[in-house]
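In case you want the letters, here they are:
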Amino acid sequence: MPPDSRFFAPEGPFTISQLAEISGATIERDNSENRVYSNVAPLDDAERNDVGFLDNKAYIDQFRETSAGCCIVEARYLSQAPEGLSLLVADNPYLAYAKVATAFHPSAEKSYCPTASDELVHPSAAIGAGSVIGAGTVVGPNAEIGRNCIVAPNCYIGDAVRIGDNCRIGALVSVRFSILGNNVSLFAGARIGEPGFGFAASPTGAVTVPQVGRVLIGDGVEIGANSTIDRGAGPDTVIGAGTRIDNLVQIGHNVRIGKGCIIVAQTGIAGSANIGDGVQVGGQVGIAGHLNIGDGVRIAAQSGVMRDVEPGIAVGGTPAMPIKKLFREIAALARLANEKGR
Amino acid sequence: MPPDSRFFAPEGPFTISQLAEISGATIERDNSENRVYSNVAPLDDAERNDVGFLDNKAYIDQFRETSAGCCIVEARYLSQAPEGLSLLVADNPYLAYAKVATAFHPSAEKSYCPTASDELVHPSAAIGAGSVIGAGTVVGPNAEIGRNCIVAPNCYIGDAVRIGDNCRIGALVSVRFSILGNNVSLFAGARIGEPGFGFAASPTGAVTVPQVGRVLIGDGVEIGANSTIDRGAGPDTVIGAGTRIDNLVQIGHNVRIGKGCIIVAQTGIAGSANIGDGVQVGGQVGIAGHLNIGDGVRIAAQSGVMRDVEPGIAVGGTPAMPIKKLFREIAALARLANEKGR
Amino acid sequence: MPPDSRFFAPEGPFTISQLAEISGATIERDNSENRVYSNVAPLDDAERNDVGFLDNKAYIDQFRETSAGCCIVEARYLSQAPEGLSLLVADNPYLAYAKVATAFHPSAEKSYCPTASDELVHPSAAIGAGSVIGAGTVVGPNAEIGRNCIVAPNCYIGDAVRIGDNCRIGALVSVRFSILGNNVSLFAGARIGEPGFGFAASPTGAVTVPQVGRVLIGDGVEIGANSTIDRGAGPDTVIGAGTRIDNLVQIGHNVRIGKGCIIVAQTGIAGSANIGDGVQVGGQVGIAGHLNIGDGVRIAAQSGVMRDVEPGIAVGGTPAMPIKKLFREIAALARLANEKGR
């Protein structure tokens, strides 16, 4: 699926020749015929008029099976391309993609900015029966807020954001590019939908990759004070129903968190990590990007998780390991230091 | 003491039969006579008309000595109940308590939410001589702000909050359910009094425990930008006079911090920890819940404190240990790796 | 250079006798003649009418070569004073300095606080062509905002702040005592220019050291949601051009970060650290104060850096060490625990 056009309406379309020129990539194979490309999309969710990219070998299966019309890729992966896929070759596919995505989405950060003479709640926003919008709170065009919600004062609710019924948005919260279910609570100062930390290296410095995914928050989710949930880069960032996130937690772009998880304060989950259902994460944990954490995993406070974790396992330490192994290592080191100290 | 009725006016009262029905607990012993129960309260601070709970063996002494009228408890602790205490037995006392507390306090998150046509500073709020309330700042009903305070623009000061004299509240700060002394400084984006991360497990997911304690902040306290100080669950969260807290620090519910402490950035202190006077905590430290940290303790940056620490000790590492022991372990491991590397 | 008078106009001037009285220090050598002292300044950047201090042996060379007119110092360093420097001796030079700096700058935290009847954008602020100031946003006296900027709603931009062209300031951001270049992006909830965590110990508790430095942010810098960049204590806090800082990052006072650095979420950099160009810092890293981190250094996630790092090195672990050494230690400990477990 290309980016949700309610949040990110694309420029273009572009021909493959235009994409080659924009990106600096070389047309290796062109099956476009008269097709023009209308958007970027993740490889596993793309259609014939979308452009994708492959930058990480971990996603090679998505490349082999993609339904995208065109893909930006390094030369060494060409042999694994599915038939019919048009191919743009680049030494740095991520940089080339950044340029293409910017061509489609030059204004991905744009948000409603009323001035003092404008209406704070845009006339096109729909506010459900029984909902209260606090003084000073901005609600952007085409936003939809359900019934019996309280949005506290001095918040910022961006364009086209959807909030379900019976939600409680604390003071000074910001929400952009996001869709919230029912009974969601966001506590004061939470930041939902800011751009992920996404950029490609280039000879002239970092080039921003437009962040054109959303944040999808399930029913009954609670998110603590001053926590930050970045929106997706292309895929969405997803927080499953009933999950509770404490204060000052960082969730990177494209992270998927299952249902009924508990995430304690100051934990950080890096981009594209995939967290199962019922996972319990202690405070100040770090989880590296692109990992799979199985259902029911428990992670001790301050752990640094650097590998996938199988379902149901309890892990701890940095690098995180099964908790019994961690205790053995702690004991072994204490004994060793004691011996040496004699 | 039951919850402060200025912040949390209870519903009820309820008979013990009603409490049993609400909570799903069984009446094991009923000394209520004609008494009705008017509130929940922590066991060590409850009176005859209050309902408490025991969920953690660490607090068994409070149970043995409580003056509460009724307590929710597991069957195995019944024999240790003081005479005269009425007893509700539950397999999961915390879940049963969550339901009872919700019956007394169904609206514990409710805060003043003026809309565009309301007065931002509620007419019943008392603002002392010489104090300035910034534009866009909300001050709730019955709030009291002392003399010569500056509350910067776009803040949120909730219902019944009390702020002493000569305080300085930075821009975009929120304060709820809190009582501040004199000469307190809160820097931009600090979040004081959001609910603690409190919920009970249940077959249908997490059940919120209403957070009905306050934040009490002593004279001369400073709290850094974007730090979060959760209010108590029932007991209060307390920050002693003269303590200085840096940016992005998380203080959990019921934490008690003594006087003259120094807490460096990004440290997290979990719920119900008890920190003495003059404690110095480095950056990015984690302190587990329910611990006792003695007066004058020094904790090195990035430590993970998992046990009580005696007064005056310097600790470091994860799990935290006396600092000399930590240095011995670091040296021993370096030697070992060197040997093995040969 | 003494503090920028656009942000911090000094009281005074004071004679050396007045300074001695204010600080409780003793005049050890007086070359002042008729000179009066007009400000405080860092030793390496001071002029004849400025007062500096030496509190950390690491800066002894700055003391030996200072052009300050007067310096507060411990007796043991007197012999290394340059000729002509007037000398105030104190047992605790930092405390004495705190008192002197407070005499010059009693109102270092003062910021524009319009009330409901004042103009949010001060008439003396200059807003460039094409720039949009969101509703509810405060812009202080003498602030200068360049062309084609968007400052989202409900922000706080303090007195005399300068923002370049094409900058994008997200919702609910605060900026004080800062100068931003062109093409800077600050995401929602970022806190720029709050005071550093600076105070001197005294018998009656911590004494605040007025924070009279600025934050200087280069062209193209991006700073993530809810990150906090403290202003300098006297020197400035500096973020070099093109550097990208993720969410919930803490940058202490006087930190200097070079160009083109990448700093991932929840990292903390303590005061006066000096980070080179092109440094890559993983998530949840801690860097101790006053360190020098060379150009091109890479620091693994969750590391604790406690010593200087040479240019180009990759380090990891706590305490941070070369990454190969870290892997050897991890492997050696795993083997040891395995042996012991048999």
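None of the values given here were measured: they were computed from a predicted structure.

Trainee: Please set out the sheet that holds strand β3 (residues 50-53) of chain A residue by residue, giving values where relevant.
Mentor: All names here are of chain A. Strands sit in the order β1-β5-β4-β3-β2 across an open sheet of five strands; the sheet is mixed. Edge positions in the sheet fall to β1 (26-29) and β2 (39-40), since each of these pairs with one other strand and no more. One ladder, built from three bridges, connects β3 with strand β4 (residues 70-73); its direction is parallel. Note on β4: the bridge partner recorded for Phe-53 is Ile-72.

Trainee: Tell me about the domain arrangement of chain A, residues and numbers included.
Mentor: All names here are of chain A. Looking at chain A, the domain boundaries give domain 1 (16-104) and domain 2 (177-324). Contacts between the two partners involve 11 residues from domain 1 and, on the opposite side, 14 residues from domain 2. Summed over both partners, the interface of domain 1 with domain 2 comes to about 850 Å²; 68% of that surface belongs to carbon and sulfur atoms. Considering every element that reaches the side of domain 1 that touches domain 2, the biggest residue donor is helix α3 (residues 93-104), with six residues.

Trainee: Provide a residue-level description of the interface of chain A and chain C, including the pertinent values.
Mentor: Facing the 52 residues of chain A at the interface are 39 residues of chain C. For the pairing of chain A and chain C, the buried interface totals around 3000 Å² over both sides, and the portion due to carbon and sulfur atoms is 63%. Counting across the interface, chain A meets chain C through 22 residue pairs in polar contact (both at pLDDT 80 or more). Of all elements in the fold, only β19 (207-208) and α4 (323-341) of chain A reach the threshold of two or more residues within the side of chain A that touches chain C. In terms of residue class, the side of chain A that touches chain C is made up of 22 nonpolar, 20 polar and 10 charged.

Trainee: An account of the packing of aromatic side chains is needed here, citing residue identities and associated values.
Mentor: Scanning all chains against the criterion turns up 21 aromatic pairs over all chains. Between Phe-14 of chain A and Phe-104 of chain A, the aromatic rings sit 4.9 Å apart at their centres with planes inclined by 70°, giving edge-to-face as the arrangement. Taken together, the residues Phe-14 of chain A in the segment before α1 (16-23) and Phe-104 of chain A in helix α3 connect sequence positions 90 residues apart. The residues Phe-14 of chain A and Phe-104 of chain A share a single accessibility class, namely buried. Arranged with centres 5.6 Å apart and planes meeting at 35°, the rings of Phe-53 of chain B and Tyr-94 of chain B form a pair that is tilted.

Trainee: Could you give an account of the side chain of Arg-176 of chain A, naming the residues involved and the relevant values?
Mentor: Relative to the helices and strands, Arg-176 of chain A is located in the loop between β14 (174-175) and β15 (178-180). Of note is the side chain of Arg-176 of chain A, whose polar atom sits 3.0 Å from the side chain of Glu-194 of chain A.

Trainee: Describe the relation of the copies chain B and chain A, naming the residues involved and giving the relevant values.
Mentor: Here chain B sits on chain A after a turn of 120° about the axis and a move of 0.0 Å along it, with an RMSD of 0.0 Å. Viewed as a symmetry operation, the transformation between the two copies matches a three-fold axis.

Trainee: Hey, could you go over α1 of chain A for me, with residue numbers and the actual values?
Mentor: Residues and elements named next belong to chain A. Residues of α1 that are buried include every one of Ile-16, Leu-19, Ala-20 and Ser-23, and no others. The buried residues of α1 occupy an angular sector of 100° when projected down its axis, which confines them to one face. Contacts made by the buried residues of α1 are with β1, β3, β4, β5 (86-89) and α3. Directly after α1, the chain includes Gly-24, whose backbone phi takes a positive value near 75°.

Trainee: Go over the packing of helix α1 (residues 16-23) of chain B against helix α3 (residues 93-104) of chain B with me, naming the residues and quoting the values.
Mentor: All names here are of chain B. Relative to each other, α1 and α3 sit at 120°, their axes nearing to 8 Å. Taken together, α1 and α3 sit at an angle that is classed as oblique. Crossing geometry of α1 relative to α3 is assigned as right-handed. Along the contact surface, α1 presents Leu-19, Ile-22 and Ser-23, while α3 presents Ala-96, Lys-99, Val-100, Ala-103 and Phe-104. Partitioning the contact of α1 with α3 into residue classes produces six nonpolar, one polar and one charged.

Rules behind the numbers
- Residues numbered from 1 in each chain as written.
- Chains lettered and ligands numbered in written order.
- Predicted model: local features only at pLDDT ≥ 70, side-chain atom pairs only at ≥ 80, totals over all residues.
- Heavy atoms only, no water.
- Pairing = 2+ DSSP bridges.
- Helix = DSSP H or I, 4+ residues; strand = E, 2+ residues; numbered from the N terminus.
- Domains from an automatic or database assignment.
- Contact = heavy atoms within 4.5 Å.
- Buried area = accessible area lost by both parts, 1.4 Å probe.
- Polar contact = N/O pair within 3.5 Å; in protein donor to acceptor, adjacent residues only side chain to side chain.
- Nonpolar A, V, L, I, M, F, W, Y, C, P; charged D, E, K, R; others polar.
- Phe/Tyr/Trp six-rings, centres within 6.5 Å; stacked < 30°, edge-to-face > 60°.
- Buried < 20%, exposed > 50% of the residue type's maximum accessible area, 1.4 Å probe, protein only.
- Least-squares fit on C-alpha atoms with pLDDT ≥ 70 in both.
- Arc of directions from axis to C-beta.
- Axes fitted to C-alpha atoms, helices over the stretch in contact; angles between N-to-C directions.
- Parallel < 35°, antiparallel > 145°, perpendicular 65-115°, else oblique.
- Left-handed = near helix turned anticlockwise from the far one by under 90°.

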